[in-house]
Amino acid sequence: MRPMPQRLSGEPPAFTASAAAVEALPRAVAAAVWRGDQLGRPVTATLSSGFEALDAALPGGGWPCQGLTEILSNQSSTLEWRLLGPVLGRVCAAGRSVVLVGPPQSPHPPGLRFLGVSESGLVWVQADTPAERLWAVEQLLKARSCGALVAWLPKVRSEQLRRLQVLAGAGDAPVFLCRPAEAARSASAAPLRLLAQVGPDWGLKVEVFKRKGPPLETPLHLHALPGGLHAILTPRLQQPSLLLPRDPARVPEPVPLAPAFPESDHALVRPAAATARRPRLAH
């Protein structure tokens, strides 16, 4: 076996993919070339998330249409709708269906209408056990018949995620897997992983801790009102943090109010009558 030639310390590398050289390549080839100091540009299409700041942090400028996207949260079936509402409404507006697999709570059609998701474009697959949910997701990915797939898989193994990633990579629709926050400690084949938490002023705090590109050091703060509150919240109530005192130490202690009727005057609480003292007789 011939030894591999070794490069000398002062010798430049054999090939360096500069930005100008990558731009000169065809689009499909240039998208496949990724430099570690920049966001990846997927060959497939992406869908805008509806949040400017989030689109700027996602490779390709939106949710990928091929591959898995994991949304981790401690409040299951609550924050996912606020984060995915804009893209799901856009999918329904395009005439494609949104498929839900195993949501923890039953979908609420009146609330989904505020997100642009109509009943006619919504398909709910009721699957209770982890095996049923996994089987349903695999069949839907193989069929490629939905415009967007949202599945709740709290218990899934790494080898199962790899199989789902292969199936999702061959499709043309975004696939979102909703999992608990502790799943961030385990490895996953999903190329895009986010952690969603409750933020101030009806907002969402989103951490993109895995993506094709440099790590995102600071979390994103997205203004995402729950569906239906836009019409009833005043501008001041949309930012309740402005109503709080800047210096809580200066807020005086609340003074307890005296009751209008003292307890002693109440019919059920009366002071015990003084016991009449019997006169002592002289002996």
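Predicted, not measured: the structure shown is a model, and the values here were computed from it. (Residues numbered from 1 in each chain as written. Predicted model: local features only at pLDDT ≥ 70, side-chain atom pairs only at ≥ 80, totals over all residues. Heavy atoms only, no water.)

Before going further, it helps to spend a moment on the overall build of the chain. Check the secondary structure of the chain and you find seven helices and ten strands. In the chain, once contacts between residues fewer than 6 apart in sequence are set aside, the share between residues at least 24 apart is 60%. Of the roughly 18,300 Å² of accessible surface on the chain, a fraction of 58% belongs to carbon and sulfur atoms. (Helix = DSSP H or I, 4+ residues; strand = E, 2+ residues; numbered from the N terminus. Contact = heavy atoms within 4.5 Å. Areas by Shrake-Rupley, 256 points an atom, 1.4 Å probe, with all protein chains shown as cover.)

In this section: the environment of Arg163. Inspection of the secondary structure assignment puts Arg163 in helix H7 (residues 158-169). The spatial distance from the C-alpha of Arg163 to the C-alpha of Glu138 is 8.6 Å, given a sequence separation of 25 residues. For Arg163, the contacting residues outside a window of four places in its chain are Leu134 and Glu138. There is a polar contact of 2.7 Å between the side chain of Arg163 and the side chain of Glu138. (Polar contact = N/O pair within 3.5 Å; in protein donor to acceptor, adjacent residues only side chain to side chain.)

The subject of this paragraph is the pattern of salt bridges. Pairing between side chains of opposite charge can happen when the charged atoms of each approach one another. What the rule picks out here adds up to five salt bridges. The shortest N-O distance in the salt bridge between Arg163 and Glu138 comes to 2.7 Å. With Arg163 in helix H7 and Glu138 in helix H6 (residues 130-143), this residue pair connects regions lying 25 residues apart in the sequence. On the basis of relative accessible area, Arg163 is assigned to the partly exposed category, the value being 38%. With its nearest N and O atoms 2.5 Å apart, the salt bridge here joins Arg157 to Glu159. The network of salt bridges with shared partners includes Glu70, Arg179 and Arg193. (Salt bridge = Lys/Arg side-chain N within 4 Å of Asp/Glu carboxyl O. Buried < 20%, exposed > 50% of the residue type's maximum accessible area, 1.4 Å probe, protein only.)

Attention shifts here to H7. Taking 1.5 Å of rise per residue, the twelve residues of H7 would be expected to cover 16 Å, and the 16 Å separating its terminal C-alpha atoms lies within 8% of that figure. Within H7, the full set of buried residues consists of Gln160, Leu161, Leu164, Gln165 and Ala168. The arc that holds the buried residues of H7, viewed along the axis, is 140 degrees, so those residues lie on one side. The inward-facing, buried residues of H7 contact strand E3 (68-73), H6 and strand E7 (175-180). (Expected span 1.5 Å × (residues − 1). Arc of directions from axis to C-beta.)

Turning next to the sheet that holds E7. Read across the open sheet, the eight strands follow the order E5-E4-E6-E7-E3-E8-E9-E10; overall the sheet is mixed. The sheet is open, and its two edges are formed by strand E5 (122-125) and strand E10 (220-223), each paired on a single side. Averaged over all pairs of adjacent strands, the angle between strand axes in this sheet comes to 25 degrees, irrespective of strand direction. Bridge count between strand E8 (residues 192-198) and strand E9 (residues 203-210): six bridges; the pairing is antiparallel. Residue Gln197 lies in a different strand from E9, and its bridge partner there is Lys205. Along the sheet, helix H4 (residues 79-93) makes contact with E3, strand E4 (98-101), strand E6 (148-152), E7, E8, E9 and E10, crossing E6 at roughly 155 degrees. Across the sheet, H7 lies against E3 and E7, angled at about 130 degrees from E3, the strand it touches most. (Pairing = 2+ DSSP bridges. Axes fitted to C-alpha atoms, helices over the stretch in contact; angles between N-to-C directions.)

Take the confidence of the model for the chain next. Residues with a pLDDT of 70 or more make up 65% of the chain, whose mean pLDDT is 79. The low-confidence segment residues 7-16, where pLDDT is below 50, has two contacts with residues more than four positions distant or belonging to other chains. (pLDDT = per-residue confidence, 0-100.)

As a further point, take the pairing of E8. Within E8, five of the seven residues are buried, which leaves the element mostly enclosed by the surrounding structure. As judged from the five bridges shared by E3 and E8, these two strands associate in the parallel manner. Across the sheet, residue Thr69 finds its bridge partner in E8, namely Leu192.

A separate point is the nonpolar core. If you look at the biggest cluster of nonpolar residues, it comprises 33 residues, and the most contacted ones within it are Leu54, Trp63, Leu83 and Leu88. The set of elements that each furnish at least two residues to this core consists of helix H3 (52-57), H4, E4, E6, E7, E8, E9 and E10. Ranked by the residues each element gives to this core, the list is headed by H4, at eight residues. In this structure, Val99, Leu140, Leu141 and Leu153 belong to the second largest nonpolar core, which totals 19 residues. (Core = buried A, V, L, I, M, F, W, Y, C linked by side-chain atoms within 4.5 Å.)

What follows deals with the packing of H6 against H7. For the pair H6 and H7, interaxial distance at closest approach is 9 Å and the crossing angle is 20 degrees. Taken as axis vectors, H6 and H7 run roughly parallel relative to one another. The way H6 lies across H7 gives a crossing that is left-handed. For the pair H6 and H7, the contacting residues are Leu134, Val137, Glu138, Leu141 and Lys142 in the first and Gln160, Arg163, Leu164, Leu167 and Ala168 in the second. For the contact of H6 with H7, the per-class residue count stands at six nonpolar, one polar and three charged. (Parallel < 35°, antiparallel > 145°, perpendicular 65-115°, else oblique. Left-handed = near helix turned anticlockwise from the far one by under 90°. Nonpolar A, V, L, I, M, F, W, Y, C, P; charged D, E, K, R; others polar.)

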